[in-house]
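# A closer look at the structure
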Amino acid sequence: MVVSRRGAPSRAPRVVSEPLPQHRIVLGDCVAEMNKLPAASVDLVFADPPYNLQLASDLKRPDDSHVDAVTDDWDKFASFEAYDTFTKDWLRACKRVLKPSGTIWVIGSYHNIFRVGAIMQDLGFWILNDVIWRKTNPMPNFRGRRFTNAHETLIWASPDTKGKGYTFNYEVLKAGNDDVQVRSDWTIPLCTGEERLKGADGKKLHPTQKPESLLARVILSSSRVDDLVIDPFSGTGTTGAVAKHLGRRFIGFEREAKYAKAAQKRIDEMQPLEAPSIAPFMTAREAPRVPFSALIERGLVTPGARLTDAKKRHKAIVRADGAISIGSNVGSIHRMGALAQGLEACNGWTFWHIETPKGLTPIDSFRAKVREEMSEAAE
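Everything numeric here is computed off the predicted structure, so don't read it as measured data.

## Re the pairing of strand β8 (residues 249-254)
- Where burial is concerned, most of β8 is hidden: six out of the six residues are buried.
- Here β8 shows a buried face lined by Arg249, Ile251 and Phe253 and a second buried face lined by Phe250, Gly252 and Glu254.
- Relative to β8, strand β1 (residues 24-27) is paired through four bridges, and the arrangement is parallel. Its bridge partner lying in β8, leucine 27 is registered against glutamate 254.
- As paired strands, strand β7 (residues 228-231) and β8 are joined by four bridges and run parallel to one another. Of the residues in β8, the one forming a bridge with isoleucine 230 is isoleucine 251.

Here it is, written out as structure tokens:
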């Protein structure tokens, strides 16, 4: 299977389903409720299932004070077999509702993520990446008998091995990472402070609330504006709040009424970002090809004009046929740029400049004008 490292281009055809209500929490069992959704209607799943921590007793610090750990009934299973059955059920439900171009993220700890990963493969999911979320402020291991558990693992997968056209916003992520490809280890702090939802008693409402920054990276990396995102274990609604903020549609499922109520309130109060700040942009690979001759045909560059590099060390003459010349040498803007510098290759669009009333201007700015005209004509 050959898959582009950037996933589907922003202009690729998408499977369009009937509109579903936006930004809502459904109270009930996630499997039963997901089975009510149309098949192949979901673009992205983020799942934070029970970890099955198998805590036999309360955790205490060396001073005998209580550690507020996960002791809720929803995290307790009679056996590994029971947990595996539960996992298969909700993963099958996710697989049914995912579009062929959709993907799923599952987060877990060492208690459950390996079991979940194996079951995903058994069910035909194709694992694209595993990502390590490294916590900058993890809870210490108070007993001092193990390493501090300072990370969790996320699995990112396609519904099957034939999955093509899935969204991976490679260039977008790279642009926001100082033009360096984003790695599969993410350093993000735990959810704390004002972001952490509290109950009436002032204590944290949910023991495993995830930070919004983690969900933002997941959603920005693997979905587009107006995509449908679902969360089978919505908890306090972090996925829904972030999805709405980033212009995605959302449906969450939660069987605990207190969490569902808090999550819906949180989502309702979240304000979407303004369109310009989340609008997709055309990447270099998606942009239509524009030959240098097109600039001449549109009168943006005239034959006989002189091109130079940014420091005016090299000069070339524009020919009527779209080639350029340096002395007796004639060739493309790329070949002549390489020749001028004594290099094997050169991006002529960024190397060559031309004098304009506004000063020395890269010819790439004229190419951008042509592309803009082409985009407007296509709309």
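Next comes the rest of the account.
## Topic: the pattern of salt bridges
- Applying the stated criterion across every chain yields a total of 15 salt bridges.
- Residue aspartate 226 is joined to arginine 249 by a salt bridge in which the shortest nitrogen-to-oxygen separation is 3.7 Å. Within this pair, whereas aspartate 226 is found in the loop between α5 (212-222) and β7, its partner arginine 249 is found in strand β8, the two being separated by 23 residues in sequence.
- For arginine 249, a relative accessible area of 15% gives the class buried.
- The partner of aspartate 309 in a salt bridge is arginine 313, with the nearest N and O atoms 3.7 Å apart.

## Considering the sheet that holds β1
- Sheet architecture is open: eight strands sit in the order β1-β8-β7-β2-β3-β5-β4-β6, paired in mixed fashion. In this open sheet, the two strands that pair with only one neighbour each are β1 and β6 (185-187). The mean angle between the axes of side-by-side strands here comes to 20°, regardless of whether they run parallel or antiparallel.
- Where strand β4 (residues 126-134) meets strand β5 (residues 151-158), eight bridges bridge the pair, whose relative direction is antiparallel. Bridged to valine 131 within β5 is leucine 154.
- Packed onto the sheet, α5 meets β2 (42-47), β3 (98-108), β4, β5 and β6 and runs at close to 160° relative to β3.
- Strands β1 and β8 of the sheet are contacted by helix α7 (residues 257-269), whose axis makes an angle of about 170° with β1.

Cut-offs used in this document
- Residues numbered from 1 in each chain as written.
- Predicted model: local features only at pLDDT ≥ 70, side-chain atom pairs only at ≥ 80, totals over all residues.
- Heavy atoms only, no water.
- Buried < 20%, exposed > 50% of the residue type's maximum accessible area, 1.4 Å probe, protein only.
- Helix = DSSP H or I, 4+ residues; strand = E, 2+ residues; numbered from the N terminus.
- Pairing = 2+ DSSP bridges.
- Salt bridge = Lys/Arg side-chain N within 4 Å of Asp/Glu carboxyl O.
- Axes fitted to C-alpha atoms, helices over the stretch in contact; angles between N-to-C directions.
- Contact = heavy atoms within 4.5 Å.

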